[in-house]
Amino acid sequence: TMNPPRAVILARPLAALIFLAMDSIWLTLMTPRLYRPEIGALLRSSFDLWPALLFYILYVSGIVVFAVQPALASGRPGAAGGPGAMLGLLSSATYDLTNQATLLGWSWSVTLADLAWGSLATAAAALLASLATLAISRKSAGRR
C-alpha cells in the first residue's frame, strides 16, 4: 500500500494524461466515422472548451476516487480495472441512454459504441494510472 495523499498527487495527473490521450484519439478517429454520420445535425462545428474541461476534471477525479485510490489502498493496483469499467459504463449510460430517451435524432449505434468505449477507456485509464502510480512510488521509495 502507499500513502493515500501521495497516491492522489501521483494518480490524478497520470489518469488525466492517459484518459485524455485515449479519448482524444477516439474522438479524432470516430467523429468523422460515427458521430458526424449518425448525429451530425446535433453536433457543434467545434467543441466548447469550458464544459469539456469541466467534464474531464470531474471525470478524472471520479476515476481516481472510485477506482484508483481503492486499488492502491488495497495494495492491488490491478483491481482498478473493474471499478473503472463500471464507472465508465455508468457515466456513458447516463449520457447516452438519457439522450436515447429524450432526443429524436439520437442513434443506437452511438449509444452502444459509447457504452463500450466508456467502459474500456475508463478501465484502461484506471488500471494504467494505478500501475504507473505504484511503479513511480516504488522507484522513489528505492531512492531514499
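Located above this text is the structure these notes cover.
Read on for a plain summary of the structure. (Residues numbered from 1 in each chain as written. Predicted model: local features only at pLDDT ≥ 70, side-chain atom pairs only at ≥ 80, totals over all residues. Heavy atoms only, no water.)

**Comments concerning the nonpolar core**
To keep it simple, the criterion reads: Throughout, nonpolar core names a set of buried Ala, Val, Leu, Ile, Met, Phe, Trp, Tyr and Cys residues whose side chains join them through atoms within 4.5 Å. Residue exposure (1.4 Å probe, protein chains only): buried if accessible area is under 20% of the type maximum, exposed if over 50%, otherwise partly exposed. The secondary structure listing takes helices from DSSP runs of H or I that are at least 4 residues long and strands from runs of E that are at least 2 residues long, numbered from the N terminus. When checking whether two residues touch, look at their non-hydrogen atoms; a contact exists if any pair is within 4.5 Å.
Within the largest apolar cluster, 33 residues are counted, with the highest numbers of intra-cluster contacts made by Phe-19, Tyr-35, Ile-63 and Val-68. Elements with a contribution of two residues or more to this core: α1 (4-39), α2 (49-73) and α4 (108-143). When residues in this core are grouped by element, the largest group, 13 residues, is from α1. The contacts of Phe-19, once residues within four sequence positions are left out, are Phe-55, Tyr-56, Tyr-59, Ile-63, Ala-121, Thr-122 and Ala-125.

**Describing the packing of aromatic side chains**
As a reminder of what qualifies: We call Phe, Tyr and Trp rings a pair once their centres come within 6.5 Å, taking the six-membered ring for Trp, and we label the pair stacked below 30 degrees between planes, edge-to-face above 60, and tilted otherwise.
With the rule as written, the count across this model stands at six aromatic pairs. Plain terms: the ring middles of Phe-19 and Tyr-56 are 6.1 Å apart, the flat faces sit at 55° to each other, and that makes the pair tilted. One end of the pair, Phe-19, is in helix α1; the other, Tyr-56, is in helix α2, with 37 residues separating them in the sequence. Residue classification places Phe-19 among the buried residues on the basis of a relative accessible area of 4%. We classify Tyr-56 as buried; its relative accessible area is 18%. Ring geometry for Phe-55 and Tyr-56: centres 5.0 Å apart, planes at 70°, overall edge-to-face. Put simply, the rings of Phe-19, Phe-55, Tyr-56 and Tyr-59 pair up and form one aromatic cluster.

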